[in-house]
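Remarks on the overall topology
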Amino acid sequence: MDCLFCKIIAGDIPSAKVYEDDKVYAFRDINPMAPVHVLIVPKCHLASADEVSADNSAYVARIFEVIPEIAKAEGLANGYRVITNCGEHGCQSVKHLHFHLLGGKQLSEEMD
Ligand code: AMP
C-alpha cells in the first residue's frame, strides 16, 4: 500500500520515534507547529477517524491510553492539545489516521 505512515511504521522511511508498542507508533512531526509536536498512529491502516468502528477501536483506545504517558515523557505537565484532521474540510493531508499531540507552549484558543 502506498501510504507514507505505513512506510514509517514499517521502518522503510526514517522517523524520530517517540513511542512504540504492538498497536501504536508515535514519532515527531517533521514540520512541528509547537515545541512538542508528536504524531500518534495506529499500526493498522485506517484512512481517517471516519473509518473507526467497533472492529478497530481497540487501536484508538490504545492511542488514548498512551497519550498521557507520552505527554508526561515530553514534559507537558501544563497541558496539551490532541487533534485529528479528517478529510478535505478537516485539511487532512496524510490519509492514515493520526493524532497530533501539541504542547510545550501556550496554545491558541482558535480551533479553526
Ligand atoms: P495532517 O495535515 O493532519 O494530515 O497531518 C500530517 C502531518 O504529517 C503534518 O503535520 C506533516 O508535517 C506530517 N508529516 C508529513 N510527512 C512526515 C514525515 N515524513 N515525518 C514526520 N511527519 C510528517
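We now turn to the structure provided with this report. (Residues numbered from 1 in each chain as written. Predicted model: local features only at pLDDT ≥ 70, side-chain atom pairs only at ≥ 80, totals over all residues. Heavy atoms only, no water.)

1. Quick look at the side chain of Asn56
Note the cut-off: A run of DSSP states H or I qualifies as a helix once it reaches four residues; a run of E qualifies as a strand once it reaches two. Both are numbered from the N-terminal end. Pairs of residues are marked as contacts when any of their non-hydrogen atoms sit within 4.5 Å.
Its location among the elements puts Asn56 in the loop between β3 (36–42) and α2 (57–73). Not counting the four nearest positions on each side in its chain, Asn56 is found in contact with Leu46 and Glu51.

2. Some words on the nonpolar core
Stated formally: We call a set of buried Ala, Val, Leu, Ile, Met, Phe, Trp, Tyr and Cys residues a nonpolar core when their side-chain atoms join them within 4.5 Å. For each residue, the accessible area found with a 1.4 Å probe, counting protein chains only, is set against the maximum for its type, and the residue is called buried under 20%, exposed over 50%, and partly exposed in between.
The biggest cluster of nonpolar side chains holds 18 residues, and the ones touching the most others in it are Val38, Ile40, Ile70 and Leu101. Of all the elements in the fold, those that place two or more residues in this core are β2 (24–28), β3, α2 and β5 (99–103). With six residues, the top contributor of residues to this core is α2. Ignoring any residue separated from it by four or fewer positions in sequence, one finds Val38 in contact with Val18, Ala26, Phe27, Arg28, Asp29, Ile70, Phe99, His100 and Leu101. Residues Cys3, Phe5, Tyr25 and Val94 belong to the second largest nonpolar core, which totals nine residues.

3. Thoughts on a nonpolar patch on the surface
Put simply, the test is: Like charges within 9 Å and nonpolar side chains (Val, Leu, Ile, Met, Phe, Trp, Tyr) within 5 Å are joined into patches, using only residues over 30% in relative accessible area that form no salt bridge. To measure how exposed things are, a 1.4 Å probe is used in the Shrake-Rupley method; for residues, cover is taken only from the protein chains shown. The term salt bridge refers to a side-chain nitrogen of Lys or Arg lying within 4 Å of a carboxyl oxygen of Asp or Glu.
There is a patch of nonpolar side chains on the surface, built from Phe64, Tyr80 and Val82 and spanning about 250 Å² of accessible area. Structurally, Tyr80 is set in strand β4 (residues 80–83).

4. Thoughts on the pairing of β5
Going by this rule: A pair of strands is considered paired only if DSSP assigns at least 2 bridges between the two.
Along β5, five of the five residues are buried, which leaves the element largely enclosed by surrounding structure. Along β5, one buried face is formed by Phe99, Leu101 and Gly103 and the opposite face, lined by His100 and Leu102, is buried too. Bridge count for β3 against β5 is five bridges, and the pairing is antiparallel. The residue bridging His37 from the neighbouring strand is Leu102, located in β5. Two elements, β4 and β5, share four bridges in a ladder whose sense is antiparallel. In the strand pairing of β5, Tyr80 is matched with Gly103.

5. A short note on the sheet that holds β4
Strand pairing in a sheet takes place through backbone hydrogen bonds and is either antiparallel or parallel in direction. Heads up, the rule is: Lines fitted to the C-alpha atoms define the axes, with helices restricted to the stretch that makes contact. Angles between their N-to-C directions range from 0 to 180 degrees.
Pairing within the open sheet is antiparallel, and its five strands lie in the order β1-β2-β3-β5-β4. Unpaired on one side and paired on the other, β1 (17–20) and β4 mark the two borders of the sheet. Each neighbouring strand pair of the sheet contributes to a mean axis angle of 20°, computed without reference to strand direction. Bridge count for β2 against β3 is five bridges, and the pairing is antiparallel. Along β3, the bridge assignment pairs Val24 with Pro42.

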